[in-house]
Amino acid sequence: MTDSVDGLREVDVIVVGAGVSGLTAGRLLQQQGLRVVVLEARERVGGRVWTDRSGGLVTDLGASWIHGVNGSPVAAAADAFGLPTVEFTVGGYQPDSRPIAHYSPDGVRLTDEEAVRYVADIHAVDEALSGILPASAPDASYRDVTDEALAAQGWDDERTQRVREYLEHRAEEQYGAWIEDLAAHGLDDDSIDGHEVVFPDGYDRLAEHLAEGLDIRLGRAVDAVEWGSEGVAVTASGEELRANAAVVTVPVGVLRSGDLRITPSLPGPVQEALDRLTMNDFEKVFLRFSAKFWDEDVYAIRQQGPEGVWWHSFYDLTPLHGVPTLLTFAAGPAARAIRDWSEDRVVGSVLDQLRRLYGERVEEPTSVHLTAWHADPWARGSYAYMTLGSTTADHDALAEPIGGGALHLAGEATWTDDPATVTAALLSGHRAAENLLGRAVPLESLWTLPPAPPTDGDAEAPRTS
Ligand SMILES: Cc1cc2nc3c(=O)[nH]c(=O)nc-3n(C[C@H](O)[C@H](O)[C@H](O)COP(=O)(O)OP(=O)(O)OC[C@H]3O[C@@H](n4cnc5c(N)ncnc54)[C@H](O)[C@@H]3O)c2cc1C
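Please read these numbers as outputs of a predicted model, since none were measured by experiment.

Engineer: Talk me through the overall build of the protein; I want residue IDs and the actual numbers.
Structural biologist: Looking only at helices and strands, the protein features 15 helices and 22 strands. Compactness check: the protein gives a C-alpha radius of gyration of 23 Å against a globular reference of 23 Å for 465 residues, within 12% of the reference. Taken across its 465 residues, the protein has 58% of its residues classed as buried. Restricting to contacts in the protein with at least 6 residues of sequence separation, those with at least 24 account for 74%. With an accessible surface of roughly 18500 Å², the protein has 49% of that area assigned to carbon and sulfur atoms. Averaging the locations of the 36 positively and 75 negatively charged side chains of the protein gives two centres separated by 3 Å.

Engineer: Account for the pairing of strand β20 (residues 367-370), with residues named and values stated.
Structural biologist: Only one face of β20 is covered, namely the one carrying Ser367 and His369; the face carrying Val368 and Leu370 has none of its residues buried. When strand β16 (residues 282-288) meets β20, the two strands line up antiparallel, connected through 4 bridges. Paired with Arg288 across the strands is Ser367, a residue of β20.

Engineer: Break down the site of the ligand for me, with residues and values.
Structural biologist: Residues in close proximity to the ligand total 39 residues, the closest being Glu40, Arg42, Arg48, Val222 and Val422. Within the contact set of the ligand, an oxygen atom lies 2.8 Å away from a backbone nitrogen or oxygen of Trp65. His67 has a polar side-chain atom sitting 3.4 Å from a nitrogen atom of the ligand. Across the complex, the protein chains shield 98% of the 1000 Å² of accessible surface that the ligand would expose by itself. The set of elements that each furnish at least two residues to the shell around the ligand consists of α2 (20-31) and α14 (422-437). In terms of residue class, the shell around the ligand is built from 22 nonpolar, 12 polar and 5 charged.

Engineer: Tell me about the side chain of Thr89, and name the residues and values.
Structural biologist: Relative to the helices and strands, Thr89 resides in the loop between β6 (86-87) and β7 (100-103). For Thr89, a relative accessible area of 5% puts it in the buried group. A distance of 2.3 Å separates polar atoms of two side chains, one belonging to Thr89 and the other to Glu87. Within the structure, the side chain of Thr89 is placed 3.1 Å from the backbone nitrogen of Glu196, a separation counted as a polar contact. The residues contacting Thr89, other than those within four sequence positions of it, are Gln94, Ser97, Arg98, His195, Glu196 and Tyr299.

Engineer: A description of helix α5 (residues 142-151) should follow, citing residues and the corresponding values.
Structural biologist: For α5, the complete set of buried residues consists of Tyr142, Arg143, Val145, Thr146, Ala149 and Leu150. Buried residues in α5 make contact with α4 (112-132) and α6 (157-175).

Engineer: Give a detailed account of the pairing of strand β19 (residues 325-331), specifying residues and quantitative values.
Structural biologist: Remark: a regular strand shows side chains that alternate across the two faces of the sheet. When you tally the buried positions in β19, you get 7 out of 7 residues, the bulk of the element. Of the two faces of β19, the one holding Thr325, Leu327, Phe329 and Ala331 and the one holding Leu326, Thr328 and Ala330 are both buried throughout. As paired strands, β16 and β19 are joined by 7 bridges and run antiparallel to one another. Among the inter-strand pairings, Phe282 is bridged to a residue of β19, identified as Ala331. The pairing of strand β18 (residues 313-316) with β19 spans 2 bridges and is classified as antiparallel. Counted as the bridge partner of Tyr315 is Leu327 from β19.

The rules behind the values
Every chain is numbered independently, its residues counted from 1 as its sequence is written. pLDDT decides what is reported in this predicted model: residues at 70 or higher carry local features, side-chain atom pairs at 80 or more are listed and counted, and totals for whole chains, interfaces and linings draw on all residues regardless. Hydrogens and waters are ignored; side-chain quantities use all the structure's heavy atoms. The secondary structure listing takes helices from DSSP runs of H or I that are at least 4 residues long and strands from runs of E that are at least 2 residues long, numbered from the N terminus. In this treatment the radius of gyration is a C-alpha quantity, and the globule benchmark scales as 2.2 Å times the residue count to the 0.38 power. The buried label applies to any residue whose accessible area, calculated with a 1.4 Å probe on protein chains only, is under 20% of its type's maximum; exposed applies above 50%, and partly exposed to all values in between. In this description, contact between two residues means that some pair of their heavy atoms is separated by no more than 4.5 Å. Areas reported here follow the Shrake-Rupley algorithm with a probe of radius 1.4 Å; residue values treat only the protein chains shown as occluding. Two residue types count as positive, namely Lys and Arg, and two as negative, namely Asp and Glu; His and chain ends fall outside the count. By convention, the point assigned to a charge is CZ for Arg, NZ for Lys, CD for Glu and CG for Asp. Only strands joined by at least two bridges in the DSSP assignment are considered to pair. It suffices for a single heavy atom of a residue to lie within 4 Å of a molecule or strand for the residue to be listed as near it. Think of a polar contact as two N or O atoms within 3.5 Å of one another; within protein, one of them needs to be a possible hydrogen donor and the other a possible acceptor, and neighboring residues in sequence only count if both atoms come from side chains. Residue type decides the class: Asp, Glu, Lys and Arg count as charged, Ala, Val, Leu, Ile, Met, Phe, Trp, Tyr, Cys and Pro as nonpolar, and the leftover types, Gly among them, as polar.

Remember, this is a structural readout, not a statement about activity or role.
See below:
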């Protein structure tokens, strides 16, 4: 990586952020012959794709899943880069489709018959919901629409409550938001096409492959982006860099914080869309044990009732590496409540719940990973969700080219179809590259072409506005 100031002045495009979105945009633009530099605040690439390898254990602290491999560009890229994957299809808070051990509020495992009835109730409410959503009020919450769907069933209180709490947990696990704070349409994108997979060697390998051959300057926190008819001026670590255009891929939390000043301010519709999206509260807790004490042959363990208000779901990651491992999430209110807790206190709280279900067979874990994305200045949460009054179109509104194409926003929150995912980040980077070039670029060139075109001097001059 070069560090020359002169080099910085001789670029066509400055990409801010070396997450999957920025790496995708940068790589595609460079393949098309543009001179690109990527400025990244952290000392690593990948952003919210981040794999820890301490103690010889591979732990994805950010993204884990490809939520449905059918037609997924992330799956295609992973395949082309030779990244191994393991099937693990419960990453979308499905109530079924793979074996799940459901426990009653008393801590007793539901019989197969009881589980089938419970799951059928959830599907009945989802079906009713699909009819209710299109007619929902613009400021309705996910609670409002799901309560309407529940009321339509005519069930007794107990039966209603079981599904009501499932819906709360789904809002928390899928979006890290309390159900009353999430817009009615906030889970519209929540569909999985094909099975889901995780990465036993770490999701970060994807980012590393995308980063190959790019000029990435690590440790460069951008604090100002100025755009105008002449192009852009970007200030990072006290140094001003100029280019024809910029692609800014920082998370919504960073954009909203004011730590990165954009001048002139964002156009009204872009700013208004940004104001309606906010970062969530969603943390992972990985517990590794010397021996498995939980049910055999299940993907997940779920408990119903008040005891499971925080720690309701545990995912068995043992098949990834053969080490007995459970993953649970602190999401929404739980994540906010434990922010100031010590790791020991969090682990104690999770173990209390596991001991309700499995008794004294539950030993102390041999290792723990607890994330703190809310405290990360370059993320400020795990991903964005739609607050009340937001529409799904707010995502795409963020990506409208600004200043005649001088400034492009990209990143997971700018993609309507599947926001909050690696797929969204990748596709938004592709769209930013196409918008910047003013022409279509085949997405698959991301993984089929080398990072840069041959330098024979006769490449067609690229258009950057
Ligand atoms: C705990 C967790 C679990 C998740 N689970 C999944 C999952 O299972 N499947 C899935 O598909 N997705 C998941 N996601 C979401 C997924 O990780 C993100 O949607 C995706 O990685 C976002 O990519 P991005 O490029 O848009 O943003 P980022 O990865 O955040 O990239 C933006 C980059 O900008 C940098 N940056 C920020 N501010 C500045 C600045 N001022 N100057 C310079 N650089 C800056 C950041 O350091 C970062 O590297 C999860 C995320 C988290 C946190």
